[in-house]
Amino acid sequence: MNWISNYVRPTINSLFSRREVPENLWKKCPECGTMLFHRELADNLNVCSSCDHHMHITPRDRFADLFDGGIFTEVSVPEVIHDPLHFKDQKKYPERLKAAQKKTGEKDAMLVAQGEMNRTPIVAACQDFSFMGGSMGMYVGNAIIAAAETAVKLERPLILFSAAGGARMQEGILSLMQMPRTTVAVEMLKEEGLPFIVVLTHPTTGGVTASYAMLGDIHIGEPNALIGFAGTRVIEQTIREKLPEGFQRSEYLLDHGMLDRVTHRKNLKAELTSITRALTGLPPAVAGDLPKPSKAKSEAPKAEEK
Amino acid sequence: MNNYLEFEKPLAEIEGKAEELRALARSNEEMDVEEEASALDKKAEALLKDLYSDLTAWRKCQVARHPDRPHCLDYINQLFTDFTQLAGDRNFADDLAIVGGLARIGDQAVVVIGQEKGSDTKSRVERNFGMARPEGYRKAIRLMDLAHRFKLPVVTLVDTTGAFPGKGAEERGQSEAIARCTEKCLQIGVPLITVVIGEGGSGGAVALAAGNKLVMLEHSVYSVISPEGCASILWKDASRMREAAEALRVTAQDLSALGVADEIIPEPIGGAHRDPQTTIKSVGAAIEKHLKDLSKKKPETLIKERRKKFLDLGSKGLAA
Ligand SMILES: [Zn+2]
């Protein structure tokens, strides 16, 4: 596989050096080093076809796969005060925000949508690791609250995909307060008897793990995702010993009783369907219920409304 | 003999001189040094007042971590009567980093829970410097459940660098324990009053602090990450903690401006460690006042108000 990619790459690059062509046609798998063609990678939901490494996937790509036909309605998230602390490290926080918005095309690190997954009505929230490490600040808090409120209003389960290094330091104590704040959102769901299913993806650490990500009715980890409270380096420095192989990875957490399942991304949709339908008293989904979603996944997903 | 902080060095010199003079006089009866010594005392007093009137965020962090600062058990022993310590999470162990039990404050029976950092080498090690493991948070959950069932208000005393970053802690579900503990704070149908007596370190502090009232001592701090940790991530240099502390807005005064802290309890001049008795008394008065206010409220109201408090947070930023 490697020699093909190495050989083919320059030719393709010179052939498609026009504007509309994505800049990186090839992506190197960070685990095994295989060069993967972008379209093939997208069709494979950003999972390496060679070693099954689950790479980061944007919320929109995730939703394009999760919702039937790639159709979903975005749930609007109430605005927040930008830069409540006037935070500045080597860069000003608003500059960091702007850069992340430009890079991702998103407002902040979480996207919320509602729609149907295998004809099962759901609300979904997905954290965007490419937006400042998915970090949880006021916006992410508002997004989770909006997701819970929408789920309550529509009487649907909430499926949340977590991915974050932790809280957004630039919002100081207000980012920390998203731990109890998002917990209130989870309480709203529980009170209404609505399922809250968390899919923990790589990486989910810090205050995010120590709040909503660990309060699900069901916890599913994507394979080999890093999930934990403290950072591995901090732990090693504290206890002065090397941590075992696979420490804080999904499979390790499954072994230690913190997850219900570890599920390959390509099987997630079917599994989430079966779980949500069982929990909400719906009959099992019938295969062939719907036409297959269109193949054009690399295109921007259609949204019913903005 | 006082433990001086780095910024108290000039003070240490003056107080040292006064002490020296008096020691000299004690060994030499003919010497009368009182005039000079009390002049030095006055000078020291003025300097102390000056130093503490406008502490930087980083200095407040140092004061909040001062080894002589009254700790959780000092408050429990001096403010509460009939303290019956209750141990264990009924599952794995008893974590000494978190202490809790039944107690009375005034006539009111309560459940009191807090992080204890320890006061000497032995107890510091025993209590893991106040850094709790999952079983500590699970003990707190159990005690809050107890409080809920028997309608006892809960008082929590927060003083921790953070939850313990250890191998076993992770394996036994540190994240889950903290999340559940925070959840429990939000669920109980009894008043929950939190006093940050020293350091409120990140998620490890939140787990005990998602209550109806958050009271902070004047020089206590509460932060999403330690200034050192923040500096090493954002400045790539842990020694820039002064700037990080400033930027993070960790002080009680900042938290009050942001609507996170409901009340600030003034500390004696020179900080709580210079006059623990007065500090402990003021904390007691604040707890009793809030208990009185909250005890009239119905369980549903307490839960509703608590939720609203957190949902409404973030509606105000700091003035430019
Ligand atoms: Zn690979």
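In the annotation of an unreviewed UniProt entry, the entry for chain B reads Acetyl-coenzyme A carboxylase carboxyl transferase subunit alpha, and the organism field reads Halocynthiibacter halioticoli. According to the UniProt record, the Subunit (unreviewed entry) comment for chain B is "Acetyl-CoA carboxylase is a heterohexamer composed of biotin carboxyl carrier protein (AccB), biotin carboxylase (AccC) and two subunits each of ACCase subunit alpha (AccA) and ACCase subunit beta (AccD)."

For chain A, the name recorded in an unreviewed UniProt entry is Acetyl-coenzyme A carboxylase carboxyl transferase subunit beta, with Halocynthiibacter halioticoli as its organism. You can read under Subunit (unreviewed entry) in the UniProt record for chain A the words "Acetyl-CoA carboxylase is a heterohexamer composed of biotin carboxyl carrier protein (AccB), biotin carboxylase (AccC) and two subunits each of ACCase subunit alpha (AccA) and ACCase subunit beta (AccD)." The heading Pathway (unreviewed entry) in the UniProt record of chain A holds the text "Lipid metabolism; malonyl-CoA biosynthesis; malonyl-CoA from acetyl-CoA: step 1/1."

*Asks:* Explain the overall build of chain B to me, please; I cannot follow it from the model alone.
*Replies:* Across its full length, chain B carries 14 helices and eight strands. A compact globule built from 320 residues would reach a C-alpha radius of gyration of about 20 Å, and chain B, at 21 Å, matches this within 12%. In terms of overall dimensions, chain B has C-alpha extents of about 70 × 50 × 40 Å along its principal axes. Here chain B, with 320 residues, has 50% of them falling under the buried criterion. Long-range contacts, defined as pairs at least 24 residues apart, comprise 71% of the intrachain contacts of chain B with a sequence gap of at least 6.

*Asks:* Is there a simple way to think about the domain arrangement of chain A in this case?
*Replies:* How big an interface is tends to be reported as the loss of accessible area on association of its parts. All names here are of chain A. One can read the domain layout of chain A as domain 1 (1-55) and domain 2 (56-279). For domain 1 versus domain 2, the distance between C-alpha centres works out to 27 Å. Each side of the interface is counted separately: domain 1 has eight residues, and domain 2 has 11 residues. Along the lines of polarity and charge, the residues of the side of domain 1 that touches domain 2 split into four nonpolar, three polar and one charged.

*Asks:* Sorry, what's going on with the confidence of the model for chain A here?
*Replies:* Low pLDDT marks regions whose predicted coordinates should not be analysed in detail. Confidence in the prediction of chain A, expressed as mean pLDDT, is 89, and 86% of residues score 70 or more. Scored below 50 in pLDDT, residues 295-306 of chain A shows 18 contacts in the model against residues more than four places distant or in partner chains.

*Asks:* Please clarify how the interface of chain B and chain A should be interpreted in this entry.
*Replies:* Each partner contributes to the interface: chain B provides 40 residues, whereas chain A provides 42 residues. Secondary-structure elements contributing two or more residues to the side of chain B that touches chain A are α7 (167-171), α8 (174-187), α9 (202-206), β7 (221-223), α10 (227-235), α11 (241-248) and α14 (299-312) of chain B. For the side of chain B that touches chain A, the class distribution of residues is 23 nonpolar, 10 polar and seven charged.

*Asks:* I'm lost on the environment of S49(A) in this one. Help?
*Replies:* Here S49(A) lies in the loop between α2 (38-43) and α3 (59-66). Apart from residues no more than four positions distant in its own chain, S49(A) is found in contact with L36(A), E40(A) and N44(A).

*Asks:* Just checking my understanding: could you explain the nonpolar core for this structure?
*Replies:* The nonpolar side chains of a soluble globular protein tend to be buried with one another. If you look at the biggest cluster of nonpolar residues, it comprises 161 residues, and the most contacted ones within it are A125(A), L158(A) and V154(B). Among the elements that line this core, the one with the most residues is helix α5 (residues 138-154) of chain A, at nine residues. Not counting residues within four places of it along the chain, the set of residues in contact with V154(B) comprises V110(B), V111(B), I113(B), M144(B), A147(B), I188(B), V190(B) and L192(B).

*Asks:* Whenever I open this one, the UniProt feature "domain: CoA carboxyltransferase C-terminal" (unreviewed entry) in chain B confuses me. Can you help?
*Replies:* Per the UniProt record, "domain: CoA carboxyltransferase C-terminal" (unreviewed entry) is annotated on residues 39-293 of chain B. Strand forms 19% of residues 39-293 of chain B and helix 46%; the C-alpha atoms that close the span are 46 Å apart.

*Asks:* Hey, could you run me through the packing of helix α7 (residues 178-191) of chain A against α14(B) in this one?
*Replies:* α14(B) packs onto α7(A) with a crossing angle of 125° between their chain directions and a minimal axis gap of 9 Å. On the basis of their axis angle, the class for α7(A) and α14(B) is oblique. The handedness of the crossing between α7(A) and α14(B) comes out as left-handed. Contact residues: α7(A) offers P180(A), R181(A) and V184(A), while α14(B) offers R307(B), F310(B) and L311(B). When the residues that make up the contact of α7(A) with α14(B) are grouped by side-chain class, the tally is four nonpolar, no polar and two charged.

*Asks:* Is there a simple way to think about α14(B) in this case?
*Replies:* Since the α-helix turns once every 3.6 residues, residues separated by three or four places project in the same direction. Residue and element names in this part refer to chain B. With 14 residues, α14 ought to run about 20 Å at 1.5 Å a step, and its terminal C-alpha atoms sit 20 Å apart, in line with that. Among the residues making up α14, those that are buried are L302, R306, R307, K309 and F310. When α14 is viewed along its axis, its buried side chains cluster within an angular range of 155° and face the same direction. Opposite the packed face of α14, turned more than 90 degrees from it, sit the exposed residues E300, K304, K308 and D312. Within two residues after α14, G314 carries a phi angle of roughly 95°, on the positive side.

About the cut-offs
- Residues numbered from 1 in each chain as written.
- Chains lettered and ligands numbered in written order.
- Predicted model: local features only at pLDDT ≥ 70, side-chain atom pairs only at ≥ 80, totals over all residues.
- UniProt positions renumbered as here; feature names shortened; annotations may be inferred.
- Helix = DSSP H or I, 4+ residues; strand = E, 2+ residues; numbered from the N terminus.
- Rg over C-alpha atoms; globule rule 2.2 N^0.38 Å.
- Buried ≥ 20, exposed ≤ 12 C-beta atoms within 10 Å, placed from the backbone.
- Contact = placed C-beta atoms within 7 Å.
- Domains from an automatic or database assignment.
- Nonpolar A, V, L, I, M, F, W, Y, C, P; charged D, E, K, R; others polar.
- pLDDT = per-residue confidence, 0-100.
- Core = buried A, V, L, I, M, F, W, Y, C linked by C-beta atoms within 7 Å.
- Axes fitted to C-alpha atoms, helices over the stretch in contact; angles between N-to-C directions.
- Parallel < 35°, antiparallel > 145°, perpendicular 65-115°, else oblique.
- Left-handed = near helix turned anticlockwise from the far one by under 90°.
- Expected span 1.5 Å × (residues − 1).
- Arc of directions from axis to C-beta.

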